[in-house]
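Reading the structure
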There are 6 protein chains.
Amino acid sequence: MGDNIGVYPGTFDPITRGHIDIIERGLKLFDLLIVAVAESPAKTPLFSVEERVSAINKETEKFSNVKVESFDGLLINYVRQKKSRTVLRGLRVMSDFEYEFQMALTNRKLSPDVETVFMMTKEDFAPVSSRFIKEIARLDGNVNPFVTPNVKRALKKKFASLEKAK
Amino acid sequence: MGDNIGVYPGTFDPITRGHIDIIERGLKLFDLLIVAVAESPAKTPLFSVEERVSAINKETEKFSNVKVESFDGLLINYVRQKKSRTVLRGLRVMSDFEYEFQMALTNRKLSPDVETVFMMTKEDFAPVSSRFIKEIARLDGNVNPFVTPNVKRALKKKFASLEKAK
Amino acid sequence: MGDNIGVYPGTFDPITRGHIDIIERGLKLFDLLIVAVAESPAKTPLFSVEERVSAINKETEKFSNVKVESFDGLLINYVRQKKSRTVLRGLRVMSDFEYEFQMALTNRKLSPDVETVFMMTKEDFAPVSSRFIKEIARLDGNVNPFVTPNVKRALKKKFASLEKAK
Amino acid sequence: MGDNIGVYPGTFDPITRGHIDIIERGLKLFDLLIVAVAESPAKTPLFSVEERVSAINKETEKFSNVKVESFDGLLINYVRQKKSRTVLRGLRVMSDFEYEFQMALTNRKLSPDVETVFMMTKEDFAPVSSRFIKEIARLDGNVNPFVTPNVKRALKKKFASLEKAK
Amino acid sequence: MGDNIGVYPGTFDPITRGHIDIIERGLKLFDLLIVAVAESPAKTPLFSVEERVSAINKETEKFSNVKVESFDGLLINYVRQKKSRTVLRGLRVMSDFEYEFQMALTNRKLSPDVETVFMMTKEDFAPVSSRFIKEIARLDGNVNPFVTPNVKRALKKKFASLEKAK
Amino acid sequence: MGDNIGVYPGTFDPITRGHIDIIERGLKLFDLLIVAVAESPAKTPLFSVEERVSAINKETEKFSNVKVESFDGLLINYVRQKKSRTVLRGLRVMSDFEYEFQMALTNRKLSPDVETVFMMTKEDFAPVSSRFIKEIARLDGNVNPFVTPNVKRALKKKFASLEKAK
């Protein structure tokens with residue numbers, strides 16, 4: 001069937017243990033898994049797209065068949081350009097479901113040859129979104145259960161520099 | 001029973017095939033259906049209220065018993081002023097449900113003589129909101145499945161002028 | 001537009017204050033509202049279809065434009081036979097939503113000319129289903145908040161006769 | 001990576017157009033897709049497990065890499081015995097989500113090396129479950145939008161023989 | 001304020017690690033926590049009410065302020081008779097929510113002086129209901145992650161005796 | 001058990017009849033209930049934190065065991081500092097559920113000795129959030145069913161002063 005390439009898109013602001021869990025398990029489904037970092041300027045991310053790509057690279061360098069890239073524009077165009085036919089998404093909680101359902105059906109209308117497959121996030125990390133983690137870090141809470149030490153350091157540094165800039 | 005007037009309120013930024021489906025089917029319930037365009041400045045709509053009213057007029061001129069108007073202020077006051085007793089709303093997905101439920105019960109408390117009735121959006125258009133469609137248009141994707149050619153042209157023109165203005 | 005006939009189908013085992021609320025408010029939408037009692041043998045109802053029709057008749061005799069009938073077979077065929085184009089349903093809670101959505105879309109596929117419209121049940125009666133009410137009555141609890149005195153008496157009598165038959 | 005085998009389990013009582021859609025799209029993910037028919041005696045299915053396997057065989061004989069089998073016992077044991085690491089499931093509506101989530105996490109606890117992946121059912125068939133389709137068939141409604149002509153004939157024959165047996 | 005007594009009602013067929021988690025954490029809220037085992041004949045439980053009470057007693061004998069009892073009839077009457085004003089319930093997943101909401105509001109209508117409070121089940125046990133656990137045990141799967149060794153033995157013995165009785 | 005202190009956190013912008021209902025019923029569970037007003041600058045509240053604290057004080061001065069305070073920073077740190085082990089939250093509707101679930105599990109990870117307990121908001125006030133109430137007040141609608149006369153006056157005054165400042 002030639003190369004079986006999966007694309008795992010997201011904002012990853014920052015990458016969480018939950019994302020890493022999906023990457024590890026998603027690897028079993030594909031010959032190559034591309035982690036595709038959406039620039040998402042509309043969400044005014046805390047980290048620049050370069051910082052986010054670099055953080056994911058650090059966390060995934062142990063896997064030989066993962067590639068990290070950024071993209072802008074329509075996801076479906078990016079997927080086709082990468083010669084992939086499969087988008088991978090994690091489902092954490094019920095409220096994700098309808099949004100993801102809407103995205104998957106919209107993408108199918110835009111490009112019927114591309115499929116979206118879903119995996120459930122490991123329950124330990126399940127209910128904690130990047131937004132919550134940033135809030136905890138900002139308030140100097142303990143983010144160890146949710147992110148790796150590398151990302152924790154990055155969060156600390158970022159909030160310190162934002163504090164200074166005030 | 002005198003005239004049976006329905007009010008179908010929304011932001012319509014822009015009108016989608018899903019909205020048109022509700023209008024067509026809602027017509028069967030009422031002698032006159034008023035499509036009521038909320039100004040919604042808080043949502044910072046892409047199109048001005050005049051542009052939205054004019055787009056709906058174009059799409060509904062084939063129906064004799066549809067009237068398009070804009071309104072500001074409390075919906076329930078507008079409905080009463082129009083001598084209507086019925087608000088029509090479309091339900092697309094489960095996450096709409098609670099918001100609509102909250103609105104319907106709030107309106108009933110404010111004005112017990114006005115009823116809200118719901119129709120389910122035709123499944124072909126079901127999961128695609130105006131927000132998604134604007135995002136696809138902005139990224140130059142194909143919006144044909146979701147809006148009419150008129151609205152597609154309006155979206156193209158709007159994004160081109162915004163691009164220029166940068 | 002000729003006569004505007006609505007059909008309000010259900011098992012009504014027994015009719016609750018929530019059902020009566022929907023009937024009263026549904027009346028405003030239609031020239032004639034037919035309360036259509038499904039025989040529903042698969043649900044092994046507590047009351048016979050005749051008992052259910054008679055209980056609804058008692059509760060609605062004050063309204064001139066309500067008619068109570070029983071039906072068996074496909075709802076959509078019954079609706080067409082009654083020259084109606086509109087099915088009325090009440091939505092109480094979120095978990096109703098998907099079932100009703102599925103029913104409405106299935107019915108639209110079977111008969112595109114028949115519409116389903118929804119009204120929200122008045123919140124006072126909102127969260128209490130016929131199943132709960134029967135359970136409370138069986139355990140001799142107070143069902144006054146949920147059913148009329150007539151229906152309360154009928155529940156008492158029914159459970160007494162079932163007890164005797166043991 | 002050797003053979004990439006997916007298992008698509010279900011009761012398939014009977015197979016619907018929605019199931020066939022998942023099979024067709026699931027094929028792209030796997031070298032071999034095993035449709036695994038659960039005997040499910042607790043659900044007292046309308047069709048015997050042999051009838052269900054045979055119906056699926058008829059609908060999928062055009063695909064070279066589909067195999068249809070029945071199984072009893074724990075799904076996860078069957079999957080391991082087939083040397084598969086991936087269970088495929090379709091998600092139709094929000095209410096499926098929690099049940100499937102619970103199943104996926106339970107299976108992961110029982111066998112961490114087996115993954116469950118989900119695909120969204122094509123929206124045209126989305127909201128119609130096998131249970132509804134059987135009800136429509138029993139009441140002599142039109143099931144063409146939901147099942148193939150073969151399955152329609154099988155439903156007719158089954159209900160006729162049940163009717164006779166009364 | 002006198003004694004602060006909580007009632008934790010359920011069918012407990014059988015008691016799971018999730019239930020034990022709620023009991024342990026619920027203990028902090030009350031001077032005495034009564035685990036109230038509903039007879040629930042309508043659910044045709046696997047274990048008799050005596051077996052269920054005895055299993056919970058074994059799991060909770062280490063706590064001094066837990067009492068295990070069975071009850072029949074209306075929960076709210078039992079709670080009042082125990083001089084308690086508070087019902088404790090665990091919420092595992094979203095689909096529990098509406099059922100529990102309905103129960104809590106119904107109970108408040110029946111007895112406004114009794115409150116229902118909810119705690120979230122620890123996520124490790126979150127998505128696994130007693131029904132799933134029984135199914136896994138019946139099919140000889142590993143139930144260690146979900147129940148204690150005592151309950152595991154009881155499940156084994158029960159299914160062996162049911163098998164023999166066939 | 002020493003003092004049993006509960007913390008009821010929120011933004012309270014402004015306090016609604018629904019909040020007051022939770023406070024009244026929550027009082028039965030605790031020796032002291034601290035209403036903890038989050039500064040929440042990220043939500044750009046309509047009322048200053050001092051105005052919100054003062055409004056709650058007015059509504060709760062009739063209760064001897066309620067204390068109103070403001071806090072900033074991580075809730076869990078505030079709760080520990082107050083020597084409390086229990087956070088009280090109200091659940092109004094299903095969409096609250098997942099957010100609250102996520103918060104409760106996150107807090108448990110940050111501080112396993114602190115519990116979150118939930119009570120259901122009285123249905124009369126159930127579906128109306130502070131956001132809706134502010135919108136109705138801004139548009140000069142009747143907010144009597146949702147807030148007390150004091151809060152109504154405060155809303156009027158606030159919107160008048162905002163209007164003037166334009």
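What comes next is a walk through the structure.

About the cut-offs
Residues numbered from 1 in each chain as written. Chains lettered and ligands numbered in written order. Predicted model: local features only at pLDDT ≥ 70, side-chain atom pairs only at ≥ 80, totals over all residues. Heavy atoms only, no water. Least-squares fit on C-alpha atoms with pLDDT ≥ 70 in both. Contact = heavy atoms within 4.5 Å. Buried area = accessible area lost by both parts, 1.4 Å probe. Salt bridge = Lys/Arg side-chain N within 4 Å of Asp/Glu carboxyl O. Polar contact = N/O pair within 3.5 Å; in protein donor to acceptor, adjacent residues only side chain to side chain. Helix = DSSP H or I, 4+ residues; strand = E, 2+ residues; numbered from the N terminus. Nonpolar A, V, L, I, M, F, W, Y, C, P; charged D, E, K, R; others polar. Buried < 20%, exposed > 50% of the residue type's maximum accessible area, 1.4 Å probe, protein only. Pairing = 2+ DSSP bridges. Right-handed = clockwise from strand over helix to strand, strands pointing away. Phe/Tyr/Trp six-rings, centres within 6.5 Å; stacked < 30°, edge-to-face > 60°.

**Things to note about the relation of the copies chain D and chain A**
- Its rotation angle being 180°, the transformation that places chain D on chain A also includes 0.0 Å of axial translation and leaves an RMSD of 0.0 Å. The transformation relating the two chain copies, once decomposed into turn and shift, fits a two-fold axis. Relative to the rotation axis, the closest C-alpha in chain D is found at Phe118 of chain D, a distance of 2.4 Å.
- Same-surface contact between copies: 100% of interface residues of chain D are shared with the interface of chain A.

**Observations concerning the interface of chain D and chain A**
- Chain D puts 34 residues into the contact, and the matching count from chain A is 34 residues.
- Buried area between chain D and chain A, summed over both chains or domains, comes out near 2900 Å², and the portion from carbon and sulfur atoms is 64%.
- Applying the counting rule to chain D against chain A returns 4 salt bridges.
- Two residues, Glu115 of chain A and Arg25 of chain D, come together in a salt bridge whose shortest N-O distance is 2.6 Å.
- Linking chain D to chain A there are 9 residue pairs in polar contact (both at pLDDT 80 or more).
- Top element by residues in the side of chain D that touches chain A is helix H4 (residues 94–110) of chain D. It accounts for 9 residues.
- Residues that form the side of chain D that touches chain A fall into these classes: 16 nonpolar, 4 polar and 14 charged.

**Notes on the pairing of strand S2 (residues 32–38) of chain C**
Residue and element names in this part refer to chain C.
- Burial of S2 is extensive: 6 of the 7 residues sit out of reach of the surface.
- As defined by bridge partners, strand S1 (residues 5–10) adjoins S2 across 6 bridges and the pair is classed as parallel. If you follow Pro9 over to S2, its bridge partner there is Ala36.
- Between S1 and its parallel partner S2, the chain crosses via helix H1 (residues 17–26), and the hand of that crossover is right-handed.
- As paired elements, S2 and strand S3 (residues 66–71) share 6 bridges and run parallel to each other. Bridge pairing in S3 places Ile34 opposite Lys67.
- Following the backbone out of S2, through helix H2 (residues 49–60) and into the adjacent parallel S3, one traces a crossover that is right-handed.

**Considerations on the environment of Gly141 of chain C**
- Along the polypeptide, Gly141 of chain C turns up in the loop between helix H5 (130–138) and helix H6 (149–165).
- The sequence separation of Gly141 of chain C and Thr86 of chain C amounts to 55 residues, and the corresponding C-alpha distance is 37 Å.
- Gly141 of chain C has contacts with Ile136 of chain C together with Leu74 of chain E, leaving out every residue within four places of it along the chain.

**Focus: unusual backbone geometry**
- Omega for the bond connecting Asp13 of chain B with Pro14 of chain B falls within 30 degrees of zero, at 0°, which places this linkage in the cis form.
- In this fold, Pro14 of chain B is placed in the loop between strand S1 (5–10) and helix H1 (17–26).
- Positive phi outside glycine occurs at Lys83 of chain B, with the angle close to 60°.
- Here the phi dihedral of Thr44 of chain C falls at roughly 35°; this positive angle occurs in a residue that is not glycine.
- Mapping Thr44 of chain C onto the fold places it in the loop between S2 and H2.

**So, the environment of Glu61 of chain F**
- Relative to the helices and strands, Glu61 of chain F resides in the loop between helix H2 (49–60) and strand S3 (66–71).
- For Glu61 of chain F, a relative accessible area of 65% puts it in the exposed group.

**Quick look at the packing of aromatic side chains**
Residue and element names in this part refer to chain D.
- Under the definition given, this model contains 12 aromatic pairs over all chains.
- Note on Phe71 and Tyr78: the rings are 4.9 Å apart at their centroids and 25° apart in plane angle, and the pair reads as stacked.
- Taking relative accessible area as the criterion, Phe71 reaches 8% and is therefore assigned buried.

**Regarding the arrangement of the chains**
- The two units chain A and chain C are non-contacting; their minimal C-alpha-C-alpha distance is 12 Å.
- Looking at chain D next to chain F, you find no contact at all, with the nearest C-alpha pair sitting 12 Å apart.

**Thoughts on the pattern of salt bridges**
- Applying the stated criterion across every chain, the model contains 48 salt bridges over all chains.
- Residue Arg25 of chain C pairs with Asp21 of chain C through a salt bridge whose shortest N-O separation is 2.9 Å. A residue pair is termed a helical-turn pair when its members lie 3 or 4 positions apart in one helix, as Arg25 of chain C and Asp21 of chain C do in helix H1 at 4 residues. Summarising the burial analysis for this pair, Arg25 of chain C and Asp21 of chain C share the class buried.
- Linking Lys82 of chain D and Glu69 of chain D is a salt bridge whose minimum nitrogen-to-oxygen distance equals 2.9 Å. Of this pair, Lys82 of chain D sits in the loop between helix H3 (75–81) and strand S4 (86–91) while Glu69 of chain D sits in strand S3 (residues 66–71), and the two are 13 residues apart along the sequence.

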